[in-house]
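Structural features, examined
Letter by letter, the chains look like this.
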Amino acid sequence: LAIGVLLLVGYTVLWFYGKGIMREEIDNFIGDQEAYGNVVTYDQKEIRGFPIALRAQIDNFRWADPGNWDWSGEVLNIIAMPTDPTRLIFAPRGPQEIILPENELNITPNDLRVGIGNNKYSAEGTEVLIRTADNQTLSLGSFKANWLSEEPGSWVMVASARNVTYRDADD
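As a starting point, this report considers the structure included with it.

What counts as what
Residues numbered from 1 in each chain as written. Predicted model: local features only at pLDDT ≥ 70, side-chain atom pairs only at ≥ 80, totals over all residues. Heavy atoms only, no water. Patch = residues over 30% accessible without salt bridge, like charges linked within 9 Å, V, L, I, M, F, W, Y side chains within 5 Å. Areas by Shrake-Rupley, 256 points an atom, 1.4 Å probe, with all protein chains shown as cover. Salt bridge = Lys/Arg side-chain N within 4 Å of Asp/Glu carboxyl O. Helix = DSSP H or I, 4+ residues; strand = E, 2+ residues; numbered from the N terminus. Pairing = 2+ DSSP bridges. Phe/Tyr/Trp six-rings, centres within 6.5 Å; stacked < 30°, edge-to-face > 60°. Buried < 20%, exposed > 50% of the residue type's maximum accessible area, 1.4 Å probe, protein only. Expected span 1.5 Å × (residues − 1). Contact = heavy atoms within 4.5 Å.

Right, let's talk about a nonpolar patch on the surface for a bit. A cluster of nonpolar side chains, contributed by Leu-1, Val-5, Val-9 and Val-13, occupies part of the molecular surface with about 430 Å² of accessible area. The topology assignment puts Val-13 in helix 1 (residues 2-35).

Right, here's the structure in full:
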């Protein structure tokens with residue numbers, strides 16, 4: 001019983017220590033983005049999820065590279081494991097909007113996870129609906145993508161998708 005209590009207390013300490021590290025990692029990520037000239041705003045940031053995963057919930061987020069793209073949405077979850085709180089997985093929920101110079105996209109994912117690292121990116125999702133301003137839609141039943149950028153202006157991407165449906169404005 002004493003060993004069980006010690007393990008439980010130890011894990012609890014690990015989780016709360018990881019929570020502090022995760023908060024710092026998110027703040028560092030936002031600081032780095034702002035140093036690159038990007039804009040990051042949100043209403044509230046809360047970390048919860050005890051006892052399993054660390055889950056930050058960021059409400060009414062906006063992440064933009066002015067003049068190039070602007071991504072905003074209702075809820076952005078950022079997930080990490082207590083054993084590795086520096087590896088952040090972005091999991092946006094609810095309707096989102098991406099504004100590009102030539103287009104505006106409305107995205108509604110059932111499940112979407114985006115990993116961002118140094119020049120490495122990944123995305124995985126199910127039941128993702130993308131709608132353009134002129135009512136074209138792309139529905140992805142499921143997809144996975146990984147891409148790598150080794151030098152500015154150059155990148156390599158590998159992707160797969162299932163149950164893909166595209167509809168133009170005339171259906």
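Pairing of strand 6 (residues 104-117) with strand 7 (residues 120-132) involves 12 bridges; the strand directions are antiparallel. Counterpart to Gly-117 in the pairing with strand 7 is Lys-120. Alignment of strand 7 against strand 8 (residues 137-151), held across 11 bridges, turns out to be antiparallel. Of the residues in strand 8, the one forming a bridge with Gly-125 is Phe-143. In sequence, strand 7 turns back onto strand 8 through a hairpin of 4 residues, with Asn-135 there showing a positive phi of about 70°.

As enumerated under the stated definition, the model contains 10 aromatic pairs in all. With 5.4 Å between their ring centres and 75° between their planes, Phe-29 and Trp-63 make a pair best called edge-to-face. Here Phe-29 is found in helix 1, whereas its partner Trp-63 is found in strand 3 (residues 54-65), with 34 residues between them in sequence. For Trp-63, a relative accessible area of 13% translates into the label buried. An angle of 75° between the planes, with centres 5.0 Å apart, marks the rings of Phe-61 and Trp-71 as edge-to-face.

What follows covers helix 1. Owing to its 3.6 residues per turn, the α-helix brings residues three or four apart onto one side. Under the 1.5 Å per step criterion, the end-to-end length of helix 1 is 49 Å for 34 residues, consistent within 8% with the ideal 50 Å. Listing the buried residues of helix 1 in full gives Trp-15, Gly-18, Met-22, Ile-26, Phe-29, Ile-30 and Gln-33. The elements touched by buried residues of helix 1 are strand 1 (39-41), strand 2 (44-48), strand 3, strand 4 (69-81), strand 5 (84-99) and strand 6. Gly-37 sits one or two residues past helix 1 and shows a positive phi near 95°.

Alternating residues of strand 2 divide into Lys-45 and Ile-47, all buried, and Gln-44, Glu-46 and Arg-48, none buried. Pairing of strand 2 with strand 3 involves 5 bridges; the strand directions are antiparallel. Among the inter-strand pairings, Ile-47 is bridged to a residue of strand 3, identified as Ala-56. In this structure, the hairpin formed by strand 2 and strand 3 is closed by a connection of 5 residues, where Gly-49 is found at a positive phi of approximately 115°.

Our focus in this paragraph is the pattern of salt bridges. In the structure shown here, the tally under the stated rule is 6 salt bridges. We note a salt bridge from Glu-46 to Arg-48, for which the minimum N-O separation is 4.0 Å. Since its relative accessible area comes to 33%, Glu-46 is described here as partly exposed. When the shortest N-O distance is used, the salt bridge between Arg-113 and Asp-111 registers 2.3 Å. Relative accessible area serves as the criterion here: at 27%, Arg-113 is assigned to the partly exposed category. When salt bridges that share partners are traced, they join Arg-93, Asp-111, Arg-113 and Glu-124 into one network.

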